[in-house]
2 protein chains.
Amino acid sequence: MAKELDFLTKRSEDYSKWYNELVVKADLAEQADVRGCMVIKPYGYAIWEKMQRILDDKFKETGVQNAYFPLLIPKSFLSREAEHVEGFAKECAVVTHYRLKTNETHDGVIVDPAAKLEEELIIRPTSETIIWNTFKNWIHSYRDLPLLVNQWCNVMRWEMRTRLFLRTSEFLWQEGHTAHATREEAEERAKMMLKVYADFAENCMAVPVVQGVKSETERFAGALDTYTIEAMMQDGKALQSGTSHFLGQNFGKAFEVQFLNRDNQPEYAWATSWGVSTRLMGALIMTHSDDNGLVLPPALAPTQVVIIPIYKNDEQLQKVDEAVAPIVAELRQMGISVKYDNADNKRPGFKFADYELKGVPVRLVLGARDLENGTVEVMRRDTLEKETQRLEGIAARVKDLLGDIQQNIFQKAKTFRDAHIYECEDYEEFKQRVKDGGFFLCHWDGTPETEARIKEETQATIRCVPFGVEQTPGTDMVSGKPAVARVLIARSY
Amino acid sequence: MAKELDFLTKRSEDYSKWYNELVVKADLAEQADVRGCMVIKPYGYAIWEKMQRILDDKFKETGVQNAYFPLLIPKSFLSREAEHVEGFAKECAVVTHYRLKTNETHDGVIVDPAAKLEEELIIRPTSETIIWNTFKNWIHSYRDLPLLVNQWCNVMRWEMRTRLFLRTSEFLWQEGHTAHATREEAEERAKMMLKVYADFAENCMAVPVVQGVKSETERFAGALDTYTIEAMMQDGKALQSGTSHFLGQNFGKAFEVQFLNRDNQPEYAWATSWGVSTRLMGALIMTHSDDNGLVLPPALAPTQVVIIPIYKNDEQLQKVDEAVAPIVAELRQMGISVKYDNADNKRPGFKFADYELKGVPVRLVLGARDLENGTVEVMRRDTLEKETQRLEGIAARVKDLLGDIQQNIFQKAKTFRDAHIYECEDYEEFKQRVKDGGFFLCHWDGTPETEARIKEETQATIRCVPFGVEQTPGTDMVSGKPAVARVLIARSY
């Protein structure tokens, strides 16, 4: 089995290379022949679909409805909100023409200069502008509020250095946009959606996250507050996994979205926006997987159980087939996705390696001897432990095992994460240690100058002011000035 | 009740205006402030989501997997397949730059001339080119086939005259792309997917369709055969509701997708593609709706049952609330989506009109007198018939009623459609009658010349050579030449 897997670089050798290889070899995604864009392959997309469906249900439980807004945004919309344009104009794809025509040599097409747009359109990097331009027509009275919409779509940000799932020019995401009558309600919604993300990350993805609020420098362009969930990868770097923004009345004012309040007075609507993207796939892969390949939480695994027969001849295979059929039926009855792989053109060793690479949580192996003994070999992907069990009642035990695996990989990731969160009061020590990864809880004087210096000297950034950390008085480790808060600092993806 | 609805133009007055108004007033969609693009509003999107989920399940039952391919396609890819570029180059949005910058007066943004792309990218009008360019890397042996993928995404075709759902520059759709080792298997797949579409249209949308094959002129650009489902709207015009294409080896050759067959010989892969789009929303609306608003098939209605209380005071309302609670619970238990609208800020008459406009299939009204009598008023949206029924056992009867409505609106549409299909052998008669709508079964000599003449003189087109129509010898009604087939001709959307 080891032989088949030699092709995957070990994490300890080169974590970054391991990731890049794993994404491609596990059939999750690949680079497209379009600069910076990816193809999400069926296996990768199946995981993303599971994420989508669970998240979508959670959003709807909070009253959110889906809708769809245009891909293209008039250039001038971007300029309406001063900070927003600063943040997004630099990296957007611009549509300038609407037609091609045959070239003079009749062997290709060229842009038809006669088909130039009066105003250029940009491909949405995010949709606050076009959505608030629409909300203007939907919101007239406090009775129209709150307005809670979400869209699942593609967005584009022209990135110079791209990595599959983590940073691509085009990516898939959901973006929620809400409008409210009061500041309090909008702030509460922004925090509520962060909690939805955190619950999803921890309970479905089995990825522990630190929740907190971004520093001013790291805020979304146009937000008054950006809330974030930060996950720790196995190399100790942070991965921002979801953000929720309290946008104040910035977009309400920029797009003149006013409503009559209960006292019949005009007011600008209060806004939030919040999103998670295919970047979550990167977080999922990098948190759990190992040198044999993917490790998937059962809650998101497209195939939760694989059953592989061992046989020498057709007669033996037929007996295994017969024994497996009721187990498959019973597992499906329980809502468990199971694949019985009795394909004849691949050796069992190849299958073992392949399903390990793909991260299938539980593997059952059944041979002629097992049938005689009434046993089955059970392997759990997270620990790679194998155990021979009685065949009777196996479905129920597999179900329990899936629950165990879900818990175990979360606990493992959390133990790792917690062991790599350090309090640090000394900047020299910090500079040394941050190279090896980890989250550092440090006192900060609240100035962008200190933040910039840390970033320049260490490539680490303030990830957030974490919630639930006791904030005691202290001194900024860099400037020596009184601290305003203990913040979480780390290198990040 | 009539008063609230006066605002909707009657179908008999102006069918086209009725449609445009209905789409907006029923909160399905609206024109965006981006030329030719639409905003799909939450209520419209909820119907689209139901369609998506049902179709997606049907695709997966046939072995199809979802994936995602890039939005942007290098311009040169389009030119690879000669017919394909002819069909799509004329109407595509072209990305030429990847950055904006602040203008000189610092009050807006302009395209940064330094950020010009070496090769322009077009926004996908359809994805055969980028997908077959990717398949090249996925297909090496007959063992890699068939490859059955689908993506749900947005596409863009620059349309000069747009109408919500029916023809918009950007629209949402699914596009399935399959690769096969043999011609027969590919042809079978193209026909299989047409059948999936036809079943969905008839059983879920309750829209009867004619299945058939397109004439050469009307084929998808790059296809050897295009299969279609054609639905009849209430004005007798045809609406092409889904197409499935047998692409032969055209894309296999254009993108050099070769595989080793069982005899170890290289062969080009055989292709299909097939799609339905948000255009289906147009078909749904125009097939069933009436002068009071939408009529939705229960299978696709976001809310299947609405319950409205009639009360004079809080005490009465409380009693209705109590009586309704177990009914709501029972309906939900049965998997029926139900809304109890006891909002205090709208009169019952307004609610009645609004839910009629929105096409909610069943309405229950419960007042103080009903409680005394143990009765409830039941209205079915399709016929607008009201009936007082016993409250006891109402949930089960509502469930049956939903089934009845689903059947009834299909039957009604089919009866209408069948009554407007005419055999016609005389061109002068055809020219007169086609103005009033309807599908005409006529003998055709098989030439593009005759086809072009019919189109020019009557604005009607050959929709398809229908399946299941007995093909008897005959004479082309236009040219008088021997006919090759009886075809379906109609004006269309």
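About the cut-offs
Residues numbered from 1 in each chain as written. Chains lettered and ligands numbered in written order. Predicted model: local features only at pLDDT ≥ 70, side-chain atom pairs only at ≥ 80, totals over all residues. Helix = DSSP H or I, 4+ residues; strand = E, 2+ residues; numbered from the N terminus. Expected span 1.5 Å × (residues − 1). Bend = angle between axes of the 7 residues up to and from the residue. Contact = placed C-beta atoms within 7 Å. Buried ≥ 20, exposed ≤ 12 C-beta atoms within 10 Å, placed from the backbone. Pairing = 2+ DSSP bridges. Axes fitted to C-alpha atoms, helices over the stretch in contact; angles between N-to-C directions. Least-squares fit on C-alpha atoms with pLDDT ≥ 70 in both. Nonpolar A, V, L, I, M, F, W, Y, C, P; charged D, E, K, R; others polar. Core = buried A, V, L, I, M, F, W, Y, C linked by C-beta atoms within 7 Å. Domains from an automatic or database assignment.

This next bit is on helix α10 (residues 314–333) of chain A. Residues and elements named next belong to chain A. The end-to-end C-alpha distance of α10, which contains 20 residues, comes to 28 Å, matching closely the 28 Å that a straight helix rising 1.5 Å per residue would cover. Val 324 marks the point of greatest bend in α10, at about 30°, and the proline Pro 326 comes within the next four residues. Next to the buried residues of α10 lie β17 (305–310), β18 (338–340), β19 (362–367), α12 (368–373) and α13 (394–419). Positive backbone phi, approximately 85°, marks Gly 335, located one or two places after α10.

All names here are of chain B. Counting buried positions along strand β9 (residues 147–156) yields 7 of 10 residues, so the element is predominantly enclosed. Strand direction decides the pairing type here: β9 and strand β10 (residues 170–180), joined by 10 bridges, are antiparallel. When the sheet's bridge partners are listed, Val 149 is paired in β10 with His 177.

Residues and elements named next belong to chain A. Reading across from one edge, β18-β17-β19-β20-β21 is the order of the 5 strands in this open sheet, with mixed pairing throughout. Of all the strands in the sheet, the pair left with one neighbour each is β18 and β21 (386–390). Ignoring which end each strand starts from, the neighbouring axes of this sheet average 25° apart. Packing against the sheet, α10 makes contact with β17, β18 and β19, and its axis sits at approximately 170° to β17.

This part covers the relation of the copies chain A and chain B. Of the transformation placing chain A onto chain B, the axial shift is 0.0 Å and the rotation is 180°, giving an RMSD of 0.0 Å. In the structure described here, the two chain copies are related by an operation that fits a two-fold rotation axis. Taking C-alpha positions as reference, the residue of chain A nearest the rotation axis is Val95(A), located at 2.1 Å. Interface residue correspondence from chain A to chain B reaches 100%, placing this contact among same-surface, isologous pairings.

A common measure of how large an interface is: the accessible area buried when the components associate. Listed per partner, the contact involves 52 residues of chain A and 52 residues of chain B. Taken together, the residues of the side of chain A that touches chain B sort by class into 32 nonpolar, 10 polar and 10 charged. Two elements, strand β5 (residues 94–97) of chain A and strand β5 (residues 94–97) of chain B, share 3 bridges in a ladder whose sense is antiparallel. In the sheet register, Val95(A) faces β5(B), and the bridge partner there is Val95(B).

Here we take up the sheet that holds strand β11 (residues 209–213) of chain B. Residues and elements named next belong to chain B. Pairing is mixed in the open sheet, where 11 strands are placed in the order β3-β9-β10-β16-β13-β12-β11-β24-β25-β23-β22. Taken across any chain shown, the strands that pair with only one partner, and hence form the sheet edges, are β3 (65–66) and β22 (421–423). In this sheet, strand β25 (residues 485–490) lies alongside strand β24 (residues 461–466) in antiparallel orientation, the contact comprising 3 bridges. Bridged to Cys 464 within β25 is Leu 488.

This next bit is on the nonpolar core. Formed by 311 residues in total, the largest nonpolar core has its most connected members in Met205(A) and Met205(B). Setting aside anything within four residues of it in sequence, one finds Met205(A) in contact with Phe200(A), Leu280(A), Ala283(A), Leu284(A), Pro297(A) and Leu300(A).

As a further point, take the domain arrangement of chain A. Residues and elements named next belong to chain A. As assigned here, chain A comprises domain 1 (7–73 + 127–288), domain 2 (305–416) and domain 3 (421–490). Just the C-alpha atoms count here: the centres of domain 1 and domain 3 sit 26 Å apart. Across the contact, 16 residues belong to domain 1 and 15 residues belong to domain 3. Elements with a minimum of two residues in the side of domain 1 that touches domain 3: β11 (209–213) and β12 (225–232).

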